[in-house]
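In case you want the letters, here they are:
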Amino acid sequence: MSNQFNPLNEQQLSALSSLSAGLNREQLLWINGYFQGLLVSSGSNRAADIPTTTKNSKYLKILYGTHTGRSKTIAGKLAGKLAERGVDVQSVALDEYKTRQLASETNLVFIVSTHGEGEPPAMAEDFYSFITGKRSPQLPNLNYSVVALGDKSYKLFCKTGIDIDQALAKAGAKSILPILTLDVDFEDEVDLWINQFVNVFAELPGSAVSDSTLPANSLQINQYSRKRPFRATVIDKVKITGRDSDKEVYHVELSLEGSGITYEPGDSVGILANNPPALIDGILRQINVSGTEIVVLKEGEFSLQEALSDRLEITVLNREVIQKYQERTGNTKLLEIIKNEVLLDQYLYGHDVLDLLEEFPFQFSAQEFADILRSFPPRLYSISSSQAAVGNEVHVTVATVRYSHKGRERAGACSTYLADRIDIDSQVSVFIEKNPAFKLPENDETPVILVGAGTGVAPYRAFLQHREANNQKGKTWLFFGERRFHSDFLYQVEWQNLLKDGYLEKIDVAFSRDQKEKVYVQHRLIERQKEIFDWLNNGASIYLCGDMKQMARDVQKTLLQIFETEGGMSEEKALEYLKTLKKEKRFQTDVY
Ligand SMILES: Cc1cc2nc3c(=O)[nH]c(=O)nc-3n(C[C@H](O)[C@H](O)[C@H](O)COP(=O)(O)OP(=O)(O)OC[C@H]3O[C@@H](n4cnc5c(N)ncnc54)[C@H](O)[C@@H]3O)c2cc1C
Ligand SMILES: Cc1cc2nc3c(=O)[nH]c(=O)nc-3n(C[C@H](O)[C@H](O)[C@H](O)COP(=O)(O)O)c2cc1C
């Protein structure tokens, strides 16, 4: 054996040489591209990891900013396609990219999502501040394209990508293709865009794109996805809030038997539901059709009844739907709402498609009506189990959405699908949504502080199951908040057992309605501030999961307050400390 570095064993080497024997140049190039694509999609994003394909080709660098991993997946797909065509391509995470390199770049693609309320994902924060800030350089030699991921139900749709696109245009960079903004159901659009991009890029001077025609799906790994979900069987479903609770939370267990699906604590499961039958009936009555009319959607032909049940979103409105509805109906009262941001925001929360039909009536044909609606996106649920403990099962913890508005009882689509329309032995369409930004520390000994309210506790059940299954008794501290001890202490017995067995070291609870004064998790954090600061100083990671609007904001404010009081930090220093924790992946959030 030579002492040269060789990562392959003899068997692999022999397989590789028999595979490559007799291949022509084009075939070798294809294989090179294939492996490069695999490397990129396997998660390696260090520029130095990726070999150059064609010495004389121009680089194309893909910079991605992601929270839940979709932007990274698209980056991998684009890189694979370009590599197959002989382009020298690298895919780099935005938090690993040195902004000083920008001025010397020639071809960049940005793939970036928006989170929070119009904010960049944590890994893109520094780049975003730089490119939209005063110190961003002029970039006259840069060709670029932006793919912006978002969700049209948020007010600031795709803001991060849009801002980056505008900043680059302002810096004098030339766009290869106009910005692509993607709503959650983006698979087809992305595939089309990638093909278009590869062709347009081929025309750019100096860009090496070979003409080889390649199998379109050569890099697709056979796995379940939102487009190709797995039919999981419900093995258990239990209501875990008490009879006198004003909340309704279900623990649901699904079997993944036979799917080969794997997940990690911190990931979410996507569920494709159907809509509440009462709402479908109301809509059909209001537009005065039977439901048997055939409508054409992008997935094919369906009866209107079927489309309203499984394919179109009707429980929630967004800006685009209201806009389309107004354009089709010409309703001036609705136009007044659209023109007033405050009224529009109010209208969007708590109104559904039937409200539009009742308040701004119009005689639609079935097809016209279907064309206005958004396709029905799956809902995500933090996984509350660990495969190390439950094997081929996945558990979720679901709070049912029910409310009454304008004299009509309303029901959230997916949460009531799980609560009312499925039972043990039913089958549910699911896929796993990876969440690399919400993971237990690599070192099992690292202490963790877990802060969650309501169903925000779900991933912590997974974290602790994982530690228990692997017999890791490191320091773990749970802060849990809900309304009432008596009826809302989710998984109380499990936490007690974990405490008893030493897998959970401490638990602090806040039941907001058990006393006159409201007590929330952030109040418990303040009470324990000295110890929390000590834990963090000793390397602990802190996690936050649950409601984005109120709880997450209050907890972050409280943490800053703790850093100021216990660490003697100024306001700026406290912010910097929090930022450093985020950068070191020691402060991770999963809020919704
Ligand atoms: C990463 C992630 C993880 C998640 N994890 C969990 C989890 O572990 N458990 C969990 O239960 N949920 C979780 N969610 C939320 C979940 O995905 C759904 O959003 C939630 O179940 C509601 O979906 P739905 O289809 O039942 O309701 P929808 O049909 O989406 O209806 C929701 C809409 O109803 C209206 N509405 C709701 N309540 C009221 C009210 N009181 N007054 C007026 N209007 C109201 C609002 O317009 C709201 O937008 C998570 C979300 C994300 C993004
Ligand atoms: C808590 C949360 C907040 C979000 N906020 C926004 C937003 O303000 N604007 C937007 O367009 N999309 C928003 N989104 C949608 C994401 O951008 C979308 O899910 C995207 O596909 C995620 O891509 P990623 O996996 O690369 O991060 C939000 C999603 C979550 C879970």
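Preceding block: the structure.
> Is there a simple way to explain the packing of aromatic side chains in this structure?
A ring pair, where both rings are aromatic, is described by two values, the distance of the centres and the angle of the planes. For the coordinates displayed, the defined rule picks out 25 aromatic pairs. Grouping aromatic residues by their ring pairs yields a cluster made of Y325, F362, F364 and F369. Stacked on the ring of Y250, the Lys or Arg K237 has its end atom at 5.4 Å from the ring centre. Over the ring of W477 we find K506, and its NZ or CZ is 4.9 Å from the ring centre.

> So what exactly am I meant to see when it comes to the site of ligand 1 here?
In the vicinity of ligand 1 there are 22 residues, among which T315, R379, L380, Y381 and S415 approach most closely. For the shell around ligand 1, the element with the most residues is strand β12 (residues 379-382), which contributes 4 residues. In terms of residue class, the shell around ligand 1 is built from 12 nonpolar, 8 polar and 2 charged.

> Just checking my understanding: could you explain the site of ligand 2 for this structure?
The full set close to ligand 2 counts 22 residues, and T66, T68, S71, T114 and C158 are the nearest of them. Between ligand 2 and S71 there is a distance of 2.6 Å, counted from an oxygen atom to a side-chain nitrogen or oxygen. Note that a nitrogen atom of ligand 2 is positioned 2.8 Å from one of the backbone N or O atoms of G116. Of the residues in the shell around ligand 2, the class split is 8 nonpolar, 11 polar and 3 charged.

> Could you clarify how one ought to interpret the nonpolar core in this entry?
In summary, soluble globular proteins display a tendency toward joint burial of nonpolar side chains. With 34 residues, the main nonpolar core has I283, L308, F369 and L373 as its most contacted residues. Broken down by secondary-structure element, the contributors of at least two residues to this core are α7 (277-287), β10 (294-297), α8 (304-311), α9 (319-329), α10 (332-339), α11 (341-348), α12 (353-359) and α13 (366-372). Residue contributions to this core peak at 5 residues, all from α7. Filtering out sequence-adjacent residues up to four positions away, L373 remains in contact with L308, L312, E313, I314, V321 and V353.

> Help me understand the pattern of salt bridges in this model?
Where side chains of opposite charge bring their charged atoms close, a pairing between them can arise. With the rule as written, the count across this model stands at 43 salt bridges. For K61, the salt bridge identified is with E105, shortest N-O distance 3.0 Å. Residue K61 is located in strand β1 (residues 59-65), and its partner E105 is located in the loop between β2 (88-93) and β3 (107-113); the two are separated by 44 residues in the primary sequence. Taken as a pair, K61 and E105 share a single burial class, namely buried. In the salt-bridge network here, residues are joined through shared partners; they are D151, D183, E313, R374 and R379.

> Explain the sheet that holds β12 here, please?
Paired through their backbone hydrogen bonds, the strands of a sheet run either parallel or antiparallel. Taken in spatial order, the 6 strands make up an open sheet running β12-β9-β16-β7-β8-β13, and their pairing is antiparallel. For this open sheet the edge positions go to β12 and β13 (393-399), each flanked by a neighbour on one side alone. Going across the sheet, the axis of each strand differs from the next one's by a mean of 40°, ignoring polarity. Here strand β8 (residues 249-255) runs beside β13; their pairing, made up of 7 bridges, is antiparallel. Its bridge partner lying in β13, Y250 is registered against V398. Each of β7 (230-239), β8, β9 (268-272), β12, β13 and β16 (427-433) is contacted by helix α15 (residues 413-421), which is oriented at about 65° to β12, the strand it contacts most.

> In this structure, what is going on with the packing of helix α20 (residues 529-537) against helix α21 (residues 548-567)? I would like to understand it.
Helices that pack against each other are described as a pair by the angle of their axes relative to one another and the distance between those axes. Relative to each other, α20 and α21 sit at 90°, their axes nearing to 10 Å. As judged from the angle between their axes, α20 and α21 are roughly perpendicular. Within the contact between the two elements, α20 uses Q529, K530, I532, F533 and L536 and α21 uses I562, F563, T565, E566 and G567. Of the residues belonging to the contact of α20 with α21, the class tally is 5 nonpolar, 3 polar and 2 charged.

> I keep staring at the environment of S429 and nothing clicks. Help me out?
For S429, the position within the fold is in strand β16. Relative accessible area serves as the criterion here: at 11%, S429 is assigned to the buried category. The spatial distance from the C-alpha of S429 to the C-alpha of G270 is 8.3 Å, given a sequence separation of 159 residues. Residue contacts for S429: discarding those within four places in its chain leaves P229, F230, R231, G270, I271 and L272. Reaching out from S429, the side chain makes a polar contact with the side chain of R231 at a distance of 2.9 Å.

Calculation notes
- Along each chain, numbering runs from 1 in the same order as the chain's sequence is written.
- Chain letters and ligand numbers both follow the written order, the letters beginning at A and the numbers at 1.
- At least 70 in pLDDT is required for a residue's local features to be given in this predicted model, at least 80 for side-chain atom pairs to be given and counted, and no such filter applies to totals for whole chains, interfaces and linings, which use all residues.
- Excluded from the side-chain calculations are hydrogens and water; all other atoms, namely the structure's heavy atoms, are used.
- For Phe, Tyr and Trp, where Trp contributes only its six-membered ring, two rings pair if their centres lie within 6.5 Å, and the inter-plane angle classes them as stacked under 30 degrees, edge-to-face over 60, or tilted in between.
- Two conditions define a charge located above a ring, namely a distance within 6 Å from the ring centre to NZ of Lys or CZ of Arg, and an angle within 35 degrees of the ring normal.
- We define proximity as follows: a residue is near a molecule or strand when any one of its heavy atoms falls within 4 Å of that partner.
- Under the DSSP-based scheme used, a helix requires at least four consecutive residues in state H or I and a strand at least two consecutive residues in state E, with every element numbered from the N terminus.
- Nonpolar residues are Ala, Val, Leu, Ile, Met, Phe, Trp, Tyr, Cys and Pro. Charged residues are Asp, Glu, Lys and Arg, and all others, Gly as well, are polar.
- In the analysis that follows, any N or O atom pair within 3.5 Å is treated as a polar contact, provided that within protein one partner can donate a hydrogen and the other can accept it, and provided that, for residues neighboring in sequence, both atoms belong to side chains.
- For our purposes a nonpolar core is just a set of buried Ala, Val, Leu, Ile, Met, Phe, Trp, Tyr and Cys residues, chained together by side-chain atoms within 4.5 Å.
- Each residue gets one of three labels from its accessible area relative to the maximum for its type: buried under 20%, exposed over 50%, partly exposed in between, using a 1.4 Å probe on protein chains only.
- Residues are treated as being in contact if the distance between any of their heavy atoms lies within 4.5 Å.
- By definition, a salt bridge exists where a carboxyl oxygen of Asp or Glu is found within 4 Å of a side-chain nitrogen of Lys or Arg.
- Between any two strands, pairing holds if DSSP finds at least two bridges.
- The axes are straight lines fitted to the C-alpha atoms, using for helices just the contacting stretch, and the angles between their N-to-C directions are given from 0 to 180°.
- Angles below 35 degrees are treated as roughly parallel, those above 145 as roughly antiparallel, those between 65 and 115 as roughly perpendicular, and all remaining angles as oblique.

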